[in-house]
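Residues per chain are reported as follows:
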Amino acid sequence: MKHALTFLLCPLILLQAAFAADARKPNLLLIYSDDHGWADLGAQGVNAEIRTPSLDQLASDGVRFTRGYVSAPQCVPSRAGVLTGRYQQRFGVEDNGKGPLPLAELTIAERLKPAGYVSGQVGKWHLDIGAKTAGSRLLRIIPEHMPHGQGFDEYWRGELRQFYASHDLKGKPFADAPHIVTDNRFRVVVQTEAALSFLDRRTAKPEQPWFLYLAWYAPHVPLESPEPWFSQTPENLPLKRRQALAMIAGMDDGLGRIRAKLREIGAEKDTLIFFIGDNGAPLGGAWNGSLNFPLIGQKGMLAEGGIRTPFIAAWPGKLPAGATYDQPVISLDVAATAIALAGLPHDEKLDGVNIIPFVTGEKKGAPHDTLYWRWGSQAAVQEMPYKLIMIGERERLLFDITKPDGENLARNLVTKHPDIAARLEAKLQTWAATLKPPGLPTSLDPHHEDLFAEHDLIPKLAKSATPRAGKKGEPEGSVNGWLCRNGALAVKDGALAITPDPNAAKNARAFLTHSGLDVAGPVTATLRVRAKQGGQCSFSWRTKAEKDFIAENTATAEWPTTAGWQEIKVSLPIKSRLMHLRITPAKASVGLEIQSIELGSGDNQPQVWNFNSAK
């Protein structure tokens, strides 16, 4: 009888066990890379230089989102958005200077606690940095806003060599946490080992679900040449590109180690992994070696290149393997997805949605009808296939973003579809009214204007034959579209004076830049100048056919040391049309002045700037 009862109970026990296994709350691993361009994921198939076998395998084991967005083109607001699941503008963390993350805002870690989760944080945090601009970043850290103040039970907070930790890398807790640890190895390796240590500690209580937020500080500057990955990059590439590829390879190797650890501890099938870039790669002079191609734009822009990033989700046996998902999703969806999978009730304050039913096909249609952004002097709204971008009080930009080159000046559809533009702008205004502070940006950051002009998204900046001081909202000393980086401009005594910024970085050099040009090549640059101390200056340029400055586009000339005016003349062998010019004086130059700049054109229409009068 006892054996018969056992025989009858076995199917029931097996069913209960199967149900319990199926109902187990999944672990969540959220990985955020830093300034990682859309092109730099091998699975995207757009750049032959990139080698990311572990990331590509993650995509093969799960879903690659071809339209995966983040909520900001900059790190602090993007991280505030992904960890809260709310548009960060709702609580005032709109840019890097608007921290810290308010303690009243609930992070994923805090939301998962009622479901029994233990949470860990590793790597870049930056949500504890005060808004005050004076002093170093370390001095602006507010301890109450560190990870342990936002719901994380364990943490290894830090970017480069110094970390605030709850445990050492062998798993031993620090009695004086947050304990400062210094580790001079390549930061990605250290952060990977901290993540592995967190996973090792989970074996003591394998039935408890966990959430790990791993924020690798790569390929963000400062760039490094970590081995063995750097030696494996093509030697013919620029140094910055090789360094970026090596740092990304370091992350890729770390992912491989982490997935091996998940298999080792028996957690692979119980873990949902998200891999997302925090924003697009910076280009131009601040290039970190990563690429956004074929997307237009870069970090700091609400164009696709600034907010559309590598975005993968994998959960063996639960998500389809090797799938691509083409509907727009956003980093805000991670929190809503985690909460739903943990069996917790949905919070209407969340702006994201649970994307799992859409990816599996259980739900039809798109997860989002509309996505919104506001950052600095930019705002945008997207309702496929259209995206409306506003830059201060400049003209509106309406693009069909289903086309690879959809975002460029020639494709602005505002005139063709004014009804669509008006409807989207009204939706954007309604959304912006709910933010802190409410409303759309009206002032114009000239650096944003400069970026959009560089990428051919807006008409070229206006040019004038006589000096004109910068308009309201422009940097002090901007003149006739010429800006001075790492320094200041002023028109006085019949000349344009260049004054380097004494507080600039040690190796930074003041230089003139104008990105609103349209001059047919070949171009002859003629400057009337003088200086108390001159030296060799360089002219670098970018044409309409080039997305960035390249080493070949450089010419030099001698800036004379003289009290009287002398002429510099240099030929720029440009075959197409000049759109962006930089003039960089010698590092040791003193008392630099310019009376005029003339750009002789191949079509005999020179452009001239005279600085001997001001209006």
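If you're wondering where the values come from, they're calculated on a predicted model, not measured in any experiment. (Residues numbered from 1 in each chain as written. Predicted model: local features only at pLDDT ≥ 70, side-chain atom pairs only at ≥ 80, totals over all residues. Heavy atoms only, no water.)

## Here we look at the confidence of the model for the protein chain
Next up, step 1: This prediction gives the protein chain a mean pLDDT of 89; 90% of its residues lie at or above 70.
Next up, step 2: Confidence over residues 1-22 falls short of pLDDT 50; this stretch has one contact with residues more than four positions distant or in other chains.
Next up, step 3: In this model, residues 462-475 is a region of pLDDT below 50 whose contacts with residues beyond four sequence positions or in other chains number 41 contacts. (pLDDT = per-residue confidence, 0-100. Contact = heavy atoms within 4.5 Å.)

## Quick notes on the nonpolar core
Next up, step 1: Core analysis: the biggest nonpolar cluster contains 80 residues, and Leu 30, Phe 65, Leu 83, Phe 211, Tyr 213 and Phe 274 have the highest contact counts within it.
Next up, step 2: The element best represented in this core is helix α10 (residues 418-432), accounting for six residues.
Next up, step 3: Leaving out residues up to four positions away in the same chain, Phe 274 has contacts with Leu 28, Leu 29, Leu 30, Ile 31, Phe 311, Ile 312, Ala 313, Val 334, Thr 337 and Ile 355.
Next up, step 4: Ala 194, Leu 196, Leu 214 and Leu 223 belong to the second largest nonpolar core, which has 44 residues in total. (Core = buried A, V, L, I, M, F, W, Y, C linked by side-chain atoms within 4.5 Å. Buried < 20%, exposed > 50% of the residue type's maximum accessible area, 1.4 Å probe, protein only. Helix = DSSP H or I, 4+ residues; strand = E, 2+ residues; numbered from the N terminus.)

## Concerning helix α3 (residues 75-84)
Next up, step 1: In terms of burial, α3 is a largely internal element, ten of the ten residues being buried.
Next up, step 2: Residues of α3 that are buried sit in contact with β1 (27-33), α4 (108-112), β8 (210-215), α8 (333-341) and β13 (371-375).
Next up, step 3: One or two residues past the end of α3 sits Gly 85, with phi positive at roughly 75°.

## Some details on helix α2 (residues 53-61)
Next up, step 1: Listing the buried residues of α2 in full gives Ser 54, Leu 55, Leu 58 and Ala 59. Along the axis of α2, the buried positions cluster into a sector of 145°, meaning they face one direction only.
Next up, step 2: Each element contacted by the buried residues of α2 is listed here: β2 (63-65), α6 (239-264), β9 (271-277) and β10 (311-314). (Arc of directions from axis to C-beta.)

## A word on unusual backbone geometry
Next up, step 1: Of note, the bond from Gly 99 into Pro 100 is cis; its omega dihedral lies within 30 degrees of zero at 0°.
Next up, step 2: As for its placement among the helices and strands, Pro 100 is situated in the loop between α3 and α4.
Next up, step 3: In this structure, Asp 35 is a non-glycine residue whose phi angle is positive, near 60°.
Next up, step 4: In this structure, His 126 is a non-glycine residue whose phi angle is positive, near 65°.

## As for the pattern of salt bridges
Next up, step 1: Taken as a whole and assessed by the stated rule, the structure comprises 37 salt bridges.
Next up, step 2: A salt bridge links Glu 268 to Arg 263; the shortest N-O distance between them is 3.6 Å. (Salt bridge = Lys/Arg side-chain N within 4 Å of Asp/Glu carboxyl O.)

## Digging into the packing of α2 against α6
Next up, step 1: Two elements in contact, α2 and α6, have axes separated by 7 Å at closest approach and are oriented at 55°. By the angle between their axes, α2 is oblique relative to α6. Contacts from Pro 53, Ser 54, Leu 55, Gln 57, Leu 58 and Asp 61 in α2 reach Asp 252, Leu 255, Gly 256 and Arg 259 in α6. (Axes fitted to C-alpha atoms, helices over the stretch in contact; angles between N-to-C directions. Parallel < 35°, antiparallel > 145°, perpendicular 65-115°, else oblique.)

## Section: the sheet that holds strand β16 (residues 397-400)
Two strands in a sheet stick together by hydrogen bonds in their backbones, pointing the same way (parallel) or opposite ways (antiparallel).
Next up, step 1: As summarised here, the arrangement of the four strands in space is β13-β14-β15-β16, forming an open sheet in which the pairing is antiparallel. Two strands bound the open sheet, and with one partner strand each, they are β13 and β16. Each neighbouring strand pair of the sheet contributes to a mean axis angle of 15°, computed without reference to strand direction.
Next up, step 2: As judged from the five bridges shared by β13 and strand β14 (residues 378-383), these two strands associate in the antiparallel manner. The partner of Arg 374 across the bridge, within β14, is Ala 379. (Pairing = 2+ DSSP bridges.)

## Quick notes on the side chain of Lys 387
Next up, step 1: Turning to its location among the elements, Lys 387 is positioned in strand β15 (residues 386-391).
Next up, step 2: For Lys 387, a relative accessible area of 0% puts it in the buried group.
Next up, step 3: Engagement of the side chain of Lys 387 in a polar contact is seen with the backbone oxygen of Leu 302, the distance being 2.7 Å.
Next up, step 4: A distance of 3.2 Å separates a polar atom in the side chain of Lys 387 from a polar atom in the side chain of Glu 407. (Polar contact = N/O pair within 3.5 Å; in protein donor to acceptor, adjacent residues only side chain to side chain.)

## Focus on the pairing of strand β26 (residues 577-584)
Next up, step 1: Burial runs high along β26: seven of the eight residues are buried.
Next up, step 2: Pairing of strand β20 (residues 511-514) with β26 involves three bridges; the strand directions are antiparallel. Following the sheet pairing, Leu 512 is matched in β26 by Ile 583.
Next up, step 3: Note: strand β21 (residues 519-520) against β26, two bridges, orientation antiparallel. Across the sheet, residue Ala 520 finds its bridge partner in β26, namely Arg 577.

## A word on the environment of Asn 412
Next up, step 1: Among the structural elements, Asn 412 can be located in the loop between β16 and α10.
Next up, step 2: Asn 412 gets classed as partly exposed once you look at its relative accessible area, which sits at 24%.
Next up, step 3: Separated by 16 residues in sequence, Asn 412 and Arg 396 have C-alpha atoms that sit 8.6 Å apart.
Next up, step 4: When neighbours within four sequence positions are excluded, Asn 412 is seen to be in contact with Arg 396, Leu 397, Leu 398 and Phe 399.
Next up, step 5: Among the polar contacts made by the side chain of Asn 412, one reaches the main-chain carbonyl oxygen of Arg 396 at a distance of 3.3 Å.

## Topic: the packing of aromatic side chains
Next up, step 1: The full count for this structure, using the stated rule, is 14 aromatic pairs.
Next up, step 2: Ring centres of Phe 65 and Tyr 325 lie 5.8 Å apart, and the angle between their planes is 70°; this geometry places the pair in the edge-to-face category. Placement of the pair is Phe 65 in strand β2 and Tyr 325 in strand β11 (residues 323-325), with a sequence separation of 260 residues. There is no split in this pair, since Phe 65 and Tyr 325 are both buried.
Next up, step 3: Among the aromatic residues, those joined into a cluster by ring pairs are Tyr 32, Trp 125, Phe 152, Phe 211 and Tyr 213.
Next up, step 4: Over the aromatic face of Phe 230 sits the side chain of Arg 242, whose NZ or CZ is 4.2 Å from the ring centroid.
Next up, step 5: Over the ring of Trp 315 we find Lys 318; its NZ or CZ atom is 6.0 Å from the centre of that ring. (Phe/Tyr/Trp six-rings, centres within 6.5 Å; stacked < 30°, edge-to-face > 60°. Lys NZ or Arg CZ within 6 Å of the ring centre and 35° of its normal.)

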